[in-house]
Structure formats: structure tokens, C-alpha cells
Amino acid sequence: MSAETLEPECLLSCGAVVITGASSGIGEEFVKVITAANSQTKVFNLSRTPPKDSLASGKLQHCPADLSSAAGQDAATSAAEAWLEGAGSRGSIILINNSGFGSYGAFPEPSLERSLQMIDLNMRAPVVLTGRLLPHLKQRGGAVINISSTAAFQPTPLFAVYGGTKAFLMNWSLGLWRELRDTKVHVLCVCPGPTGTNFFRAAGFAKPPVSDKMGQTSNQVVKESLKALASRQPLVVCGWSNKLAVMISSRIPRVWVTMLTYMTLNKLRNGHSSGQN
């Protein structure tokens, strides 16, 4: 995506990006596209795994972080604040809360501890990072991009905790968007459907249960996200088929949707390996 396709305030004034989970998937693609659009942008990544050496051509600083624990979140946020006051002290700021994972199975599978880690990573980490970095964002201007999921729009039995965390993230994002509407900070919630990332492997599947033809690439998700950011939308569902599915599910009683979702997700059992987390 070229810089000309985006409103200048979205990326061209962006001097600093703080992102979680840029070592692969959607996070990695955000870094590639943003730094290609603005060569002056610097990136601070928070994740356990470091990104590829070639990512962002030396513009990215990696901070090893465990965002699934309170102590790890506090340390990571302190490091991000120090970076924003040092190497990343110029221009507006984009905070991208991208890290997250899901686990397949009837609660509390694969373990209660795993579910609690999911809650900490998918929900608490974005709240902590955004809350601590918001003074910087208000002062310098910018945006908060929260990566939710189409799972946010209906109950997801067998992905129950994951769907619950994504529903929280979507509703919290929209509430935050309205609170900050009259400031220099814009909030965007992104809801992708199945995407070509490591999500299903992390959720315990030996191979992705959804065909590549049925999902989107990370690049497609990022392009739709940045277009939505350029037009200052508060919420974007990525992909026409996902938009259609969300629209249909919103018109069906939630108990019926829950039953239909269970029937759909239960069919995935054959591709699930309980030994993989």
C-alpha cells in the first residue's frame, strides 16, 4: 500500500509505533506496510519471539516480553514508555495491540491456567498498555488499533474464553473511541476472520481447519485496517464474507446463534490435537 492512498495524518505524521506480537502474522505485516509508507517511522515491538532480522530494515527495536503476566505487562509498558521518551520521541504515535491467542476445547481445556493466560494477554495487556501510554498519545496525537476478531460478535462454544476476550476487546474499544473522540487520539477496533497466521497451530490444531481460500492473508487484513484508520472508522470487519456473516448473525436470536456456532466449531475436532497448545 502506498502512502498516497492514506490520509497524511494516519501514517505520514507517525513517528513511533508501539506494537505487540510483530514477530509474525498480522503484526509483522503492520510493520512492513507502515514502514514502507513512512520511512521515518520507528517501531518498538513487544513479544516473546524477536521478529525477523530483515523486518523494517533496522527501524524496529525488539523488547522481549511476556504479556500474559502482570509482571511482564508492567515491565514491557515501562520499556515502551522509556522508548517513547527516547528513540521514539518524535511524531505522532500508533499503538497496535495485536498479541493474542485462542485454545480449542470444552472449558477448562486445555487447562485453567492456559485460559487465565489468555485472559491476561487478550484483555489485560491491551488495557494496561493503552492506559499507561495514553498520556503520550494525547500529547502527541495518534491512534490505538486493537485487533479483535469476528468471534466477538457471537458466543463461541469450544472457543468460549477466546470469544469472550474478543467481545470485551471490541466493546471496550468502541467505548474508548467515543471517550477520546474529541481528542487527538483515534481508536480503531479490527475484526478479522480466519487469517493465514499461526493462530490455529497455537490453538492446538495439527493443521488449519479452514481452507486458505476461505480466509484472508495478513496483508489483506492490514490494508483494510489502514483504510479504516484513514477514514477514521471506529470498527472494521475485514473481508466481505465476514461482513456478511456478522450481519446475518446479528439478526438471529443469540441462543440460536450459539447452537449454530457450536455445530460449526464441533466439526473441527478431527483436525484438533490435544497435545498441541
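Scroll up to find the structure this text is about.
Residues numbered from 1 in each chain as written. Predicted model: local features only at pLDDT ≥ 70, side-chain atom pairs only at ≥ 80, totals over all residues. Heavy atoms only, no water.

This paragraph deals with helix 4 (residues 112–140). Taking 1.5 Å per residue as the helical rise, helix 4 with its 29 residues ought to reach 42 Å, and the 40 Å between its terminal C-alpha atoms agrees with that figure. The sharpest bend along helix 4 measures roughly 50° and falls at leucine 133, with the proline proline 135 sitting one to four residues further on. At the exit of helix 4 stands glycine 141, carrying a positive phi of roughly 85°. (Helix = DSSP H or I, 4+ residues; strand = E, 2+ residues; numbered from the N terminus. Expected span 1.5 Å × (residues − 1). Bend = angle between axes of the 7 residues up to and from the residue.)

Turning our eyes to something else, we now look at the sheet that holds strand 7 (residues 235–237). Within the open sheet, the 7 strands sit side by side as 3-2-1-4-5-6-7. Their pairing is parallel. Only two strands of the sheet have a single neighbouring strand rather than two, namely strand 3 (60–64) and strand 7. With strand direction ignored, the average angle separating the axes of adjacent strands in the sheet is 15°. For strand 2 (residues 42–47) and strand 3, the ladder comprises 5 bridges, and the chain directions are parallel. Within strand 3, the residue paired with asparagine 45 across the bridge is histidine 62. (Pairing = 2+ DSSP bridges. Axes fitted to C-alpha atoms, helices over the stretch in contact; angles between N-to-C directions.)

In this model helix 3 (residues 70–85) runs 23 Å from its N-terminal to its C-terminal C-alpha over 16 residues, within 8% of the 22 Å that 1.5 Å per residue would give. Where helix 3 is buried, its residues meet strand 1 (14–20), strand 2, strand 3, strand 4 (92–97) and helix 4. (Contact = heavy atoms within 4.5 Å.)

Next up on the list: the pairing of strand 4. With 6 of 6 residues buried, strand 4 is to be regarded as a mostly interior element. With burial as the criterion, each face of strand 4 is covered, one bearing Ser92, Ile94 and Ile96 and the other bearing Ile93, Leu95 and Asn97. Two elements, strand 1 and strand 4, share 5 bridges in a ladder whose sense is parallel. If you follow alanine 16 over to strand 4, its bridge partner there is isoleucine 93. Relative to strand 5 (residues 142–147), strand 4 runs parallel, the two being bridged by 5 bridges. Directly across from isoleucine 96, in strand 5, lies its bridge partner isoleucine 145. Between the parallel pair strand 4 and strand 5, the chain is carried across by helix 4, and the sense of this crossover is right-handed. (Buried < 20%, exposed > 50% of the residue type's maximum accessible area, 1.4 Å probe, protein only. Right-handed = clockwise from strand over helix to strand, strands pointing away.)

With that out of the way, let us pick up the packing of helix 2 (residues 25–37) against helix 7 (residues 218–230). Where helix 2 contacts helix 7, the two axes come as close as 9 Å, and the packing angle between them is 60°. In terms of orientation, helix 2 lies oblique with respect to helix 7. Between helix 2 and helix 7 lies a crossing whose hand is right-handed. Mapping the contact onto sequence places Gly25, Ile26, Glu29, Phe30, Val33 and Ile34 in helix 2 and Ser218, Asn219, Val221, Val222, Ser225 and Leu226 in helix 7. (Parallel < 35°, antiparallel > 145°, perpendicular 65-115°, else oblique. Left-handed = near helix turned anticlockwise from the far one by under 90°.)

This paragraph deals with the nonpolar core. Residues Val18, Phe44, Leu46, Leu67, Leu84, Leu133 and Leu137 are the most contacted members of the largest nonpolar core, which totals 34 residues. For this core, the elements supplying multiple residues, two or more each, are strand 1, strand 2, helix 3, strand 4, helix 4, helix 5 (160–179) and strand 6 (185–191). In this view, leucine 133 contacts Val18, Thr77, Ala80, Glu81, Leu84 and Leu95; residues no more than four positions away in its chain are not counted. Ranked by size, the runner-up nonpolar core spans 31 residues in total, among them Ile19, Ile26, Ala56 and Ile147. (Core = buried A, V, L, I, M, F, W, Y, C linked by side-chain atoms within 4.5 Å.)

What follows covers the pairing of strand 1. Strand residues, when the strand is regular, have side chains that alternate between the two faces of the sheet. Most of strand 1 is tucked away: 7 of the 7 residues are buried. Sheet topology note: the strand 1/strand 2 ladder contains 5 bridges and is parallel. What sits directly across from valine 17, in strand 2, is valine 43. The parallel pair strand 1 and strand 2, bridged by helix 2, forms a crossover whose chirality is right-handed.

Shape is all these values report; function is a separate question.
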